[in-house]
Amino acid sequence: MAAQRALSRTRTRLLAVLGSLTLGCALWAGAVLGLPTAHSDESDHELARQALQQGKVLPLRTVLDQVERQYQGQVVKVEFEHEDGRFIYEMRLLQANGQLTKLEVDAVDGRVLKVRRKGQN
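In this text the structure is predicted, and so the values were computed from the model without any measurement. (Residues numbered from 1 in each chain as written. Predicted model: local features only at pLDDT ≥ 70, side-chain atom pairs only at ≥ 80, totals over all residues. Heavy atoms only, no water.)

Quick word on helix α3 (residues 60–71)
Part 1 of the argument: For α3, spanning twelve residues, the distance from its first C-alpha to its last is 16 Å, which sits close to the expected 16 Å at 1.5 Å a residue.
Part 2 of the argument: Residues of α3 that are buried make contact with β1 (73–83), β2 (86–95), β3 (100–106) and β4 (112–117).
Part 3 of the argument: Note on α3: the residue one or two positions beyond its end, Gln72, has a positive phi of about 45°. (Helix = DSSP H or I, 4+ residues; strand = E, 2+ residues; numbered from the N terminus. Expected span 1.5 Å × (residues − 1). Contact = heavy atoms within 4.5 Å.)

Okay, structure coming up:
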């Protein structure tokens, strides 16, 4: 019985250490590469960079701060798109209550255009 408790404590500590290392590596990589805390792919990045340089959209950091405050969560994924003549940030946000929310945000003014929560249509 004591051996099982010791094994359980060791397993718990190991998982905590691995979790901390994973988070630390992700934060370190983001800081070194100058990446925002959210994910974007290369083509999204280039399109967003050009639109930002031309003054056509708000900086991603500005929009992330606004969305995370308004919806009380952490953006975990971002896609930048140009749809129907409009620049859009598509975001997935993990809210404090564990709810996964998908947002479409106007990249020009930061206005939330559409909200979908996991399990809702």
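Alright, that's what it looks like, and here's the rest.
Describing the sheet that holds β2
Part 1 of the argument: Taken in spatial order, the four strands of this open sheet run β1-β2-β3-β4, and their pairing is antiparallel. The two strands at the open ends of the sheet, each matched to only one other strand, are β1 and β4. Adjacent strand axes in the sheet meet at a mean angle of 20° when their direction is disregarded.
Part 2 of the argument: In the packing of α3 onto the sheet, the strands contacted are β1, β2, β3 and β4, and the crossing angle to β2 comes to about 45°. (Pairing = 2+ DSSP bridges. Axes fitted to C-alpha atoms, helices over the stretch in contact; angles between N-to-C directions.)

Brief notes about a positive patch on the surface
Part 1 of the argument: A surface patch of positive charge is lined by Arg92, Lys114, Arg116 and Lys118.
Part 2 of the argument: Tracing the backbone shows Arg92 in strand β2.
Part 3 of the argument: The class of Arg92 is partly exposed, set by a relative accessible area of 32%. (Patch = residues over 30% accessible without salt bridge, like charges linked within 9 Å, V, L, I, M, F, W, Y side chains within 5 Å. Areas by Shrake-Rupley, 256 points an atom, 1.4 Å probe, with all protein chains shown as cover. Salt bridge = Lys/Arg side-chain N within 4 Å of Asp/Glu carboxyl O. Lys, Arg positive; Asp, Glu negative; His and termini not counted. Charge placed at Lys NZ, Arg CZ, Asp CG, Glu CD. Buried < 20%, exposed > 50% of the residue type's maximum accessible area, 1.4 Å probe, protein only.)

Side note on the pattern of salt bridges
Part 1 of the argument: Taken as a whole and assessed by the stated rule, the structure comprises seven salt bridges.
Part 2 of the argument: In this structure, the salt-bridge partner of Arg49 is Glu46, at a minimum N-O distance of 2.5 Å. Of the two residues, Arg49 and Glu46 are both situated in helix α2 (residues 42–53); the distance of three residues between them amounts to about one turn of the helix.
Part 3 of the argument: Asp106 is the partner of Arg111 in a salt bridge, and the nearest nitrogen-oxygen pair spans 3.6 Å.
Part 4 of the argument: Judged by relative accessible area, which is 6%, Asp106 ranks as buried.
Part 5 of the argument: A single salt-bridge network, built from bridges that share partners, covers Arg86, Asp106, Asp109 and Arg111.

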